[in-house]
Amino acid sequence: MKALVTGASRGIGRAIAVGLAEDGAEVVGIHYAANREAASATAALVAAAGAKPVLIEAPLDVDGVAGARRVAAAWEGDLDVLVNNAGINGQQAFGEVDEDTYRRVVEINLTAPLFLIQELAPRLNDGGRIVNITTGYTRVAAPTHPAYAAAKAGLNNLGLALAPVFGPRGITVNAVMPGIIDTDMNADWLPEGRAQAAAISVFDRVGTAEDVALVVRYLASDAGRWVTGQVIDATGGSAL
Ligand code: NAP
């Protein structure tokens, strides 16, 4: 299996990259924006798990189309699993949404995944997998993140739209929506807000990157072959 994970230098993407290596991937592409040190740390973990790491640097927020094309151009040969995980949440209440942040949020969370799928589609092997990482904010109201919630909802629906396109080739297309996960994305508030965040889940804890990666690993495995066009809730039963 050859897998490419965007935003794999840290957080959920790193856990997915390492998890796919543990599941037997021969090659794992580790895309990142600029943090080479973190990407190299992921590469070491991927190598320790038995896969060949391939580092790809490309920002996706300024121009998602150009960024996606840069990632695709850097990828050599065929591919079995594509995980669109890179994202920023651009937290801004509705009245504060500014054009620059809005565009960056949409570029990375929606435009780049669409064009990365389009670019790599001819090299995606039959029986392959496309997984898009979205957010639980597409299921509950997210007045603190309207642009993010809208972009990720678009990404959820992109998977539904593309499932029939890739179905004839045995390729599944799904979204996985995490709840609150303990990553750098929440580092500015989770230390103080942990108990409150935990209480949102029926399991009364904050999710880990591995919790989400396990769902992606299932979809990427043979066990996930009959699941497509779906949005898989990986929020630990948040806000049920
Ligand atoms: P994270 O820890 O902040 O890591 C973000 C990853 O995306 C890094 O690899 C980073 O690369 C890359 N990235 C950031 N800005 C980028 C840009 N402009 N262009 C290209 N790549 C960029 O994030 P995370 O919490 O693991 O989140 C991963 C995904 O899960 C995102 O799509 C996020 O929206 C979604 N999600 C997260 C949570 C949560 O609570 N954490 C909840 C729901 C959904 P560098 O290291 O080079 O910066």
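Our subject is the structure listed above.
Just so you know, these numbers come straight off a predicted model, no measurement behind them. (Residues numbered from 1 in each chain as written. Predicted model: local features only at pLDDT ≥ 70, side-chain atom pairs only at ≥ 80, totals over all residues. Heavy atoms only, no water.)

Enquirer: Is there a simple way to explain the sheet that holds strand β6 (residues 172–178) in this structure?
Expert: Hydrogen bonds between backbone groups are what pair the strands of a sheet, and the pairing can be parallel or antiparallel. Taken together, seven strands build an open sheet; the order of strands is β3-β2-β1-β4-β5-β6-β7 and the sheet is parallel. Taken across any chain shown, the strands that pair with only one partner, and hence form the sheet edges, are β3 (52–57) and β7 (231–234). The average undirected angle you get between the axes of adjacent strands in this sheet is 20 degrees. When strand β1 (residues 2–5) meets strand β2 (residues 27–32), the two strands line up parallel, connected through four bridges. Bridge pairing in β2 links lysine 2 to valine 27. Those strands touched by helix α4 (residues 99–120) are β1, β4 (79–84) and β5 (124–133), and its axis lies near 170 degrees from that of β4. (Pairing = 2+ DSSP bridges. Helix = DSSP H or I, 4+ residues; strand = E, 2+ residues; numbered from the N terminus. Axes fitted to C-alpha atoms, helices over the stretch in contact; angles between N-to-C directions. Contact = heavy atoms within 4.5 Å.)

Enquirer: Looking at this structure, I do not really get helix α1 (residues 11–22). What am I missing?
Expert: One full turn of an α-helix is made of 3.6 residues, so residues set three or four places apart face in the same direction. Helix length check: α1 (twelve residues) gives 17 Å between terminal C-alpha atoms against 16 Å at 1.5 Å per residue, within 8%. Taking burial as the measure, the twelve residues of α1 include nine buried ones, the bulk of the element. Within the span of α1, buried status applies to Ile12, Gly13, Ala15, Ile16, Ala17, Val18, Gly19, Leu20 and Ala21. Positive phi appears at glycine 24, one or two residues downstream of α1, with a value of about 105 degrees. (Expected span 1.5 Å × (residues − 1). Buried < 20%, exposed > 50% of the residue type's maximum accessible area, 1.4 Å probe, protein only.)

Enquirer: How should I be thinking about the pairing of β5 in this particular structure?
Expert: Along any regular strand, the residues point their side chains to alternate faces of the sheet. Along β5, seven of the ten residues are buried, which leaves the element largely enclosed by surrounding structure. Crossover connection from β4 via α4 to parallel β5: handedness right-handed. Alignment of β5 against β6, held across five bridges, turns out to be parallel. Across the sheet, the residue bridging to isoleucine 133 is valine 176, located in β6. (Right-handed = clockwise from strand over helix to strand, strands pointing away.)

Enquirer: Got a minute to help me understand helix α3 (residues 64–74) in this structure?
Expert: Residues of α3 that are buried include every one of Gly64, Val65, Gly67, Ala68, Val71 and Ala72, and no others. Taken end-on, α3 shows its buried residues confined to a sector of 165 degrees, consistent with a single buried face. On its buried side, α3 packs onto β1, β2, β3 and α4. With a side-chain oxygen lying 3.1 Å from the backbone nitrogen of valine 65, the N-terminal cap of α3 falls on aspartate 63. (Arc of directions from axis to C-beta. Polar contact = N/O pair within 3.5 Å; in protein donor to acceptor, adjacent residues only side chain to side chain.)

Enquirer: How should I be thinking about the site of the ligand in this particular structure?
Expert: Around the ligand, the structure places 33 residues, and the nearest of them are Ser9, Arg10, Asn85, Tyr148 and Thr183. Contact distances for the ligand include 2.8 Å between an oxygen atom and a backbone N or O atom of alanine 34. A distance of 2.9 Å separates an oxygen atom of the ligand from a polar atom in the backbone of isoleucine 181. Taking 890 Å² as the accessible area of the ligand by itself, protein coverage stands at 92%. For the shell around the ligand, the per-class residue count stands at 17 nonpolar, twelve polar and four charged. (Near = heavy atom within 4 Å. Areas by Shrake-Rupley, 256 points an atom, 1.4 Å probe, with all protein chains shown as cover. Nonpolar A, V, L, I, M, F, W, Y, C, P; charged D, E, K, R; others polar.)

Fair warning: the whole summary comes from geometry, so function is off the table for now.
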